[in-house]
Amino acid sequence: MNGATFSAGLGFISAASWGASDFVGGLGSRRSPALLVVISGQVLAFVLLAAICFGLRLPFPAAHSACFALLGGVVGSIALTLFYRTLSMGSMGLCAAVTGLLTAAVPVVFSLLRNGLPSAVNGAGLIAGLAAIWLITSVPAAQNTAPIAGRTTSLVLAALAGVGFGTQLILIKMAGEGGVWWTMTLTRAAGLAALLLILLIRPPRRPWGRYWLAGFPAGVLDTTGIAIYIVASQIGRLDTVAVTCSLYPAVTILLASALLHERPSRRQAGGMVLAVAAVALLSL
């Protein structure tokens, strides 16, 4: 098995973990404030990761790796907050598509500038993967019922969230040179600090309830996905891994279809078929 195949496979596993995390967190956010669901998961993840780092007495990474990890945590938390704000404003399908596409596109552009063009086959896989992300995360325009003014604002926020998520993938890859465990610990620490600050500034108005019931498993799944992504990004090209990981909405949709009996649209089904082809091309 060559490096491209292995990294693409790890990227797909990371996508599966992130997709499952979003499904669990999404269910929990129907009953509890989304911010608390996210924070509870990150608290558990940080405690477990810190225990591993200190328990195994792992050497602290170099200063530049630690800075990249901390910055990635802050950027990711801000992007997540913007994304939740975007979804609450309407035009969910279009905004999710914009965010998902830019999440993959930003690392692709960075990798192309840094590493040059991929092979023709992998290049076709990148194009197919980006198209698949758009199809999977978008919905027909008829379902975008937000007012035009609000839709413009939500699209701007969605674009900023996508750029933030994509930038986080770049920063985590660069931080990953300092080791997986410390990278994840520092990323979670910085992200958690940013989210707690947001919680203090704008506490949720909804009843808090048992938000940790969904937050804990969602946090573990999300952290697992990050760990796998770090390993994959150290083995293969960033653009290949980023596109493969960004297919995670397909997993969320499949879980919703299997467990909640929500039928995907024809466009989403076509995107999933295209995603399979993209993964195959990226692994060659």
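Quick note: structure is the one above.
Residues numbered from 1 in each chain as written. Predicted model: local features only at pLDDT ≥ 70, side-chain atom pairs only at ≥ 80, totals over all residues. Heavy atoms only, no water.

Tallying secondary structure elements over the protein gives eleven helices and zero strands in all. When the helices and strands of the protein are read in sequence order from the N terminus, they spell out α-α-α-α-α-α-α-α-α-α-α. The C-alpha extent of the protein, read off along each of the three principal axes, is 50 × 50 × 35 Å. Per-residue burial over the protein gives 48% buried out of 284 residues. In the protein, of all internal contacts separated by at least 6 residues, the share reaching a separation of at least 24 is 92%. Of the accessible surface of the protein, which amounts to about 13300 Å², a share of 72% is contributed by carbon and sulfur atoms. The protein carries 16 positive and 5 negative side-chain charges, and their two centres are separated by 10 Å. (Helix = DSSP H or I, 4+ residues; strand = E, 2+ residues; numbered from the N terminus. Buried < 20%, exposed > 50% of the residue type's maximum accessible area, 1.4 Å probe, protein only. Contact = heavy atoms within 4.5 Å. Areas by Shrake-Rupley, 256 points an atom, 1.4 Å probe, with all protein chains shown as cover. Lys, Arg positive; Asp, Glu negative; His and termini not counted. Charge placed at Lys NZ, Arg CZ, Asp CG, Glu CD.)

This part covers the packing of aromatic side chains. This model, assessed by the stated rule, comprises six aromatic pairs. Taken together, a centroid distance of 5.5 Å and an interplanar angle of 80 degrees make the contact between phenylalanine 54 and tryptophan 182 edge-to-face. With phenylalanine 54 in helix 2 (residues 34-55) and tryptophan 182 in helix 7 (residues 180-201), this pair connects stretches of sequence that are 128 residues apart. Here phenylalanine 54 falls in the exposed class, since its relative accessible area comes to 59%. Residue tryptophan 182 is classed as buried on the basis of its relative accessible area, which comes to 9%. (Phe/Tyr/Trp six-rings, centres within 6.5 Å; stacked < 30°, edge-to-face > 60°.)

Looking now at the packing of helix 8 (residues 212-235) against helix 9 (residues 238-245). As a packed pair, helix 8 and helix 9 sit with axes 8 Å apart at the nearest point and diverge in direction by 150 degrees. With respect to their mutual orientation, helix 8 and helix 9 come out roughly antiparallel. When the axes of helix 8 and helix 9 are compared, the crossing they make is right-handed. Here Tyr229, Ala232 and Ser233 of helix 8 come into contact with helix 9, specifically with Leu238, Val241 and Cys245. Of the residues contributing to the contact of helix 8 with helix 9, the split by class is five nonpolar, one polar and no charged. (Axes fitted to C-alpha atoms, helices over the stretch in contact; angles between N-to-C directions. Parallel < 35°, antiparallel > 145°, perpendicular 65-115°, else oblique. Left-handed = near helix turned anticlockwise from the far one by under 90°. Nonpolar A, V, L, I, M, F, W, Y, C, P; charged D, E, K, R; others polar.)

A word on the environment of leucine 254. Along the chain, leucine 254 turns up in helix 10 (residues 248-259). Sequence separation between leucine 254 and valine 220 is 34 residues; the distance between their C-alpha atoms is 20 Å.

Moving on, we come to a nonpolar patch on the surface. Together, Phe6, Val231 and Ile235 make up an exposed nonpolar region whose accessible area comes to about 230 Å². Turning to its location among the elements, isoleucine 235 is positioned in helix 8. With relative accessibility at 37%, the residue isoleucine 235 sits in the partly exposed group. (Patch = residues over 30% accessible without salt bridge, like charges linked within 9 Å, V, L, I, M, F, W, Y side chains within 5 Å. Salt bridge = Lys/Arg side-chain N within 4 Å of Asp/Glu carboxyl O.)

What the rule picks out here adds up to two salt bridges. In this structure, the salt-bridge partner of arginine 188 is aspartate 222, at a minimum N-O distance of 2.3 Å. One end of the pair, arginine 188, is in helix 7; the other, aspartate 222, is in helix 8, and 34 residues separate them in sequence. Judged by its relative accessible area of 23%, aspartate 222 is partly exposed. For aspartate 239, the salt bridge is made with arginine 237, and the minimal N-O distance between the two is 2.7 Å. The class for aspartate 239 is buried, based on a relative accessible area of 0%. Taking the relative accessible area as the measure of exposure, arginine 237 reaches 23% and is therefore partly exposed.

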